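Reading the structure
Listed below are the residues making up each chain.
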Amino acid sequence: MKKEMTMSEILQQFEVAAETESYGNGHINDTYLATTPRYILQRINTSIFKKPDELMSNIENVTAFLREKIAAAGGDADRGTLTVIPAKNGETYYRLDEQNVFRVYKFIEGTKTIENSKTEKDLYEAGVGFGHFQKMLADFPVEKLFETIPDFHNTPRRIEALKEAIREDKAGRGSSVKKEVDFALENALWADKVVKGMEDGSIPVRVTHNDTKINNILFDQESGKAVCVIDLDTVMPGSALYDFGDALRMGGSTAAEDETDLEKVEFDVGAFEAFAKGYLSEMKEALTETEMELLPLSVKLMTYECGIRFLTDYLNGDTYFKIHREHHNLDRARNQFKLVEDITGKEEILAGVIKR
Ligand code: ADP
Ligand code: GN1
Ligand code: MG
């Protein structure tokens, strides 16, 4: 930090008096738990989210919109969506300096996140949770949203970024990842499918979450039902296919995203079926025929895209995703590419599941 301030002093800017400890397993922001009473304090990653005011405006608008919807349906809005605690200065965040921008949320009690070990019931509930989230936002005024990360799921642009990273080879790692680079480029052929469809109008543009990892949903500790979709930093115009595919990228894998024993990394058809059942119980009426058909492909696409993002970051010297060991991003990329191969072999089975 340029200026020095303890986390407790930061919290005082939100009129919260509490101690803090590090919390959660996110790859992007620094998350702290404020104890007694409990709040979530986050340092927004401003090298990724360059305009925190626009980011927080999105979150304020989306949560206010969801709050009304949930209350109108007789639900508990304090649990069903995030509550932003404003800072003393009246803003929704506190800026200490350019690198240190903080926000506080109410801690949603009685919930848990699921990292790796997940059951079919968890996946069904996650499908309901993300599907319901998307359904509630169907009539959100899209013109109110800022694009917090431009071209976030523009897969062809992600491939261009990979090519640039290969050319620049900033970290001198290019020669060690030839196999992975070849795999990425050989598979680039089908990767523009969703982006093209959105451009030519055959795939509708919707308000989507865009980061539907299973640990971005809070489940009720007792009933296991989805309570709240969190990590709203990337809520932007997008495709329903992004949210469906991204959730199964992690939710459908038999192993963790960074498992290095690739024998253990497979795509679980049962998990796919369970998630799809939950998701379609909310979204079946809203989806077009084209979207339905592309559900299996979306899983392969989002897994592939994430793999090339990890590989690109590895080539760039690990500047985007947090890493916890040497070659972590390369391990993640290899893992995602193994999953892509496995999904490719199962595409017909997945299409059969959706038909049923
Ligand atoms: P990142 O963008 O780094 O992934 P998240 O917003 O997903 O950060 O938060 C990281 C973790 O903190 C979540 O996976 C969840 O476990 C926990 N968390 C975040 N917000 C809340 C909240 N309001 N109540 C309870 N837990 C939360
Ligand atoms: C990041 O923030 P987190 O950990 O929920 C990333 C996602 C990736 C994911 C891979 C803003 O998600 O796009 O799919 O890591 N979020 C951002 O695990 O880039
Ligand atoms: Mg997260």
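Our structure is the block above this text.
Here goes a summary of the coordinates provided. (Residues numbered from 1 in each chain as written. Chains lettered and ligands numbered in written order. Predicted model: local features only at pLDDT ≥ 70, side-chain atom pairs only at ≥ 80, totals over all residues. Heavy atoms only, no water.)

We now examine the overall build of the chain. Within the chain, the secondary structure is distributed over eleven helices and eleven strands. Relative to the globule expectation of 21 Å for 356 residues, the C-alpha radius of gyration of the chain, 20 Å, shows essentially globular dimensions. Seen through its C-alpha atoms, the chain measures out along the principal axes to roughly 55 × 50 × 40 Å. A burial count over the chain gives 56% of its 356 residues as buried. (Helix = DSSP H or I, 4+ residues; strand = E, 2+ residues; numbered from the N terminus. Rg over C-alpha atoms; globule rule 2.2 N^0.38 Å. Buried < 20%, exposed > 50% of the residue type's maximum accessible area, 1.4 Å probe, protein only.)

Turning our attention to the site of ligand 2. His-27, Lys-213, Glu-257, Arg-309 and Tyr-320 are the nearest of the 17 residues found near ligand 2. Asn-216 places a side-chain nitrogen or oxygen 3.0 Å from an oxygen atom of ligand 2. Arg-309 is positioned such that a nitrogen or oxygen atom in its side chain is 2.8 Å from an oxygen atom of ligand 2. Protein contact buries 97% of the 440 Å² of open area that ligand 2 shows by itself. The residue inventory of the shell around ligand 2, partitioned by class, reads seven nonpolar, four polar and six charged. (Near = heavy atom within 4 Å. Polar contact = N/O pair within 3.5 Å; in protein donor to acceptor, adjacent residues only side chain to side chain. Areas by Shrake-Rupley, 256 points an atom, 1.4 Å probe, with all protein chains shown as cover. Nonpolar A, V, L, I, M, F, W, Y, C, P; charged D, E, K, R; others polar.)

Attention shifts here to the sheet that holds strand S7 (residues 111-112). Across a sheet, paired strands are connected by hydrogen bonds in the backbone, their directions being either parallel or antiparallel. Read from one edge of the open sheet, three strands run S7-S9-S10, paired in antiparallel fashion. Among the strands making up the open sheet, the edge pair consists of S7 and strand S10 (226-229). As paired strands, strand S9 (residues 217-220) and S10 are joined by three bridges and run antiparallel to one another. When the sheet's bridge partners are listed, Leu-218 is paired in S10 with Cys-228. (Pairing = 2+ DSSP bridges.)

Our next topic: the site of ligand 1. Neighbouring ligand 1 are 19 residues, the closest being Gln-42, Ile-108, Asn-215, Asn-216 and Asp-231. Take Ile-108: an N or O atom from its main chain is 3.0 Å from a nitrogen atom of ligand 1. The side chain of Asp-231 places a nitrogen or oxygen atom 2.9 Å from an oxygen atom of ligand 1. Calculation on ligand 1 without its partners gives an accessible area of 560 Å², and the protein chains cover 96% of this total.

Now for the pairing of strand S2 (residues 30-35). Where strand S1 (residues 19-22) meets S2, four bridges bridge the pair, whose relative direction is antiparallel. Across the sheet, residue Ser-22 finds its bridge partner in S2, namely Tyr-32. Here five bridges tie S2 to strand S3 (residues 39-44), and the two strands are oriented antiparallel to one another. Within the sheet, the bridge partner assigned to Tyr-32 lies in S3 and is Leu-41.

Turning to the nonpolar core, a few remarks are in order. Counting 97 residues, the largest nonpolar core has Leu-137, Phe-244, Phe-272, Phe-275 and Leu-311 as the members making the most contacts within it. Element by element, the count of residues in this core is highest for helix H10 (residues 289-315), at 13 residues. Residues within four places of Leu-311 in sequence aside, it is in contact with Leu-162, Val-177, Glu-180, Val-181, Ala-184, Leu-330, Ala-333 and Phe-337. Counting residues in hydrophobic clusters, the runner-up holds 17 residues, among them Met-5, Ile-10, Leu-96 and Phe-102. (Core = buried A, V, L, I, M, F, W, Y, C linked by side-chain atoms within 4.5 Å. Contact = heavy atoms within 4.5 Å.)

Glancing now at the coordination of the magnesium ion (ligand 3). At the metal site, the magnesium ion (ligand 3) is ligated by Asn-216 (OD1) and Asp-231 (OD), and these contacts range over 2.2 Å. Pair noted here: Asn-216 is in the loop between strand S8 (206-208) and S9 and Asp-231 is in the loop between S10 and strand S11 (236-238), with a separation of 15 residues, a long-range link. (Donors = N, O, S within 2.8 Å, 3.2 Å for Na, K, Ca; no water.)

With that out of the way, let us pick up H10. In a regular helix each residue adds 1.5 Å, so 27 residues correspond to 39 Å; H10 covers 39 Å between its end C-alpha atoms and thus fits that length. Approximately 55° is the largest bend angle found in H10, and it occurs at Leu-295, with the proline Pro-296 only one to four residues beyond. Within H10, 23 of the 27 residues are buried, leaving the element largely enclosed by the surrounding structure. In the segment just after H10, Gly-317 is the residue with positive phi, at about 90°. (Expected span 1.5 Å × (residues − 1). Bend = angle between axes of the 7 residues up to and from the residue.)

This part is about the pattern of salt bridges. Per the stated rule, a full pass over the model turns up 26 salt bridges. Residue Glu-109 is joined to Arg-38 by a salt bridge in which the shortest nitrogen-to-oxygen separation is 2.9 Å. Placement of the pair is Glu-109 in the loop between strand S6 (100-106) and S7 and Arg-38 in the loop between S2 and S3, with a sequence separation of 71 residues. The exposure class of Glu-109 is partly exposed, given its relative accessible area of 38%. Among the ionic pairs, Arg-95 bridges to Glu-98, the shortest N-O distance being 3.5 Å. Of the residues examined, Arg-95 reaches a relative accessible area of 34% and is grouped as partly exposed. Among the ionic contacts, a cluster of salt bridges with common partners joins Asp-30, Arg-43 and Lys-322. (Salt bridge = Lys/Arg side-chain N within 4 Å of Asp/Glu carboxyl O.)

This paragraph deals with a negative patch on the surface. Together, Glu-120, Asp-261, Glu-263, Glu-266 and Asp-268 give the surface a local cluster of negative charge. Checked against the element boundaries, Glu-120 lands in helix H4 (residues 120-136). (Patch = residues over 30% accessible without salt bridge, like charges linked within 9 Å, V, L, I, M, F, W, Y side chains within 5 Å. Lys, Arg positive; Asp, Glu negative; His and termini not counted. Charge placed at Lys NZ, Arg CZ, Asp CG, Glu CD.)

So, about helix H2 (residues 52-72). The terminal C-alpha atoms of H2 lie 30 Å apart, and with 21 residues this matches the ideal 30 Å at 1.5 Å per residue to within 8%. Along H2, the residues that are buried comprise Pro-52, Leu-55, Met-56, Ser-57, Asn-58, Ile-59, Val-62, Thr-63, Phe-65, Leu-66 and Ile-70. Of the residues flanking the end of H2, it is Gly-74, one or two places downstream, whose phi is positive at about 80°.

H10 packs onto helix H8 (residues 240-251) with a crossing angle of 60° between their chain directions and a minimal axis gap of 7 Å. One finds that H8 runs oblique with respect to H10. Considering the relative orientation of H8 and H10, their crossing is right-handed. When H8 is examined against H10, the residues Ala-240, Leu-241, Tyr-242, Phe-244, Gly-245, Asp-246, Leu-248 and Arg-249 are found in contact with a partner set consisting of Glu-291, Leu-294, Leu-295, Ser-298, Val-299, Met-302, Thr-303 and Cys-306. Residue composition of the contact of H8 with H10, grouped by class: ten nonpolar, three polar and three charged. (Axes fitted to C-alpha atoms, helices over the stretch in contact; angles between N-to-C directions. Parallel < 35°, antiparallel > 145°, perpendicular 65-115°, else oblique. Left-handed = near helix turned anticlockwise from the far one by under 90°.)

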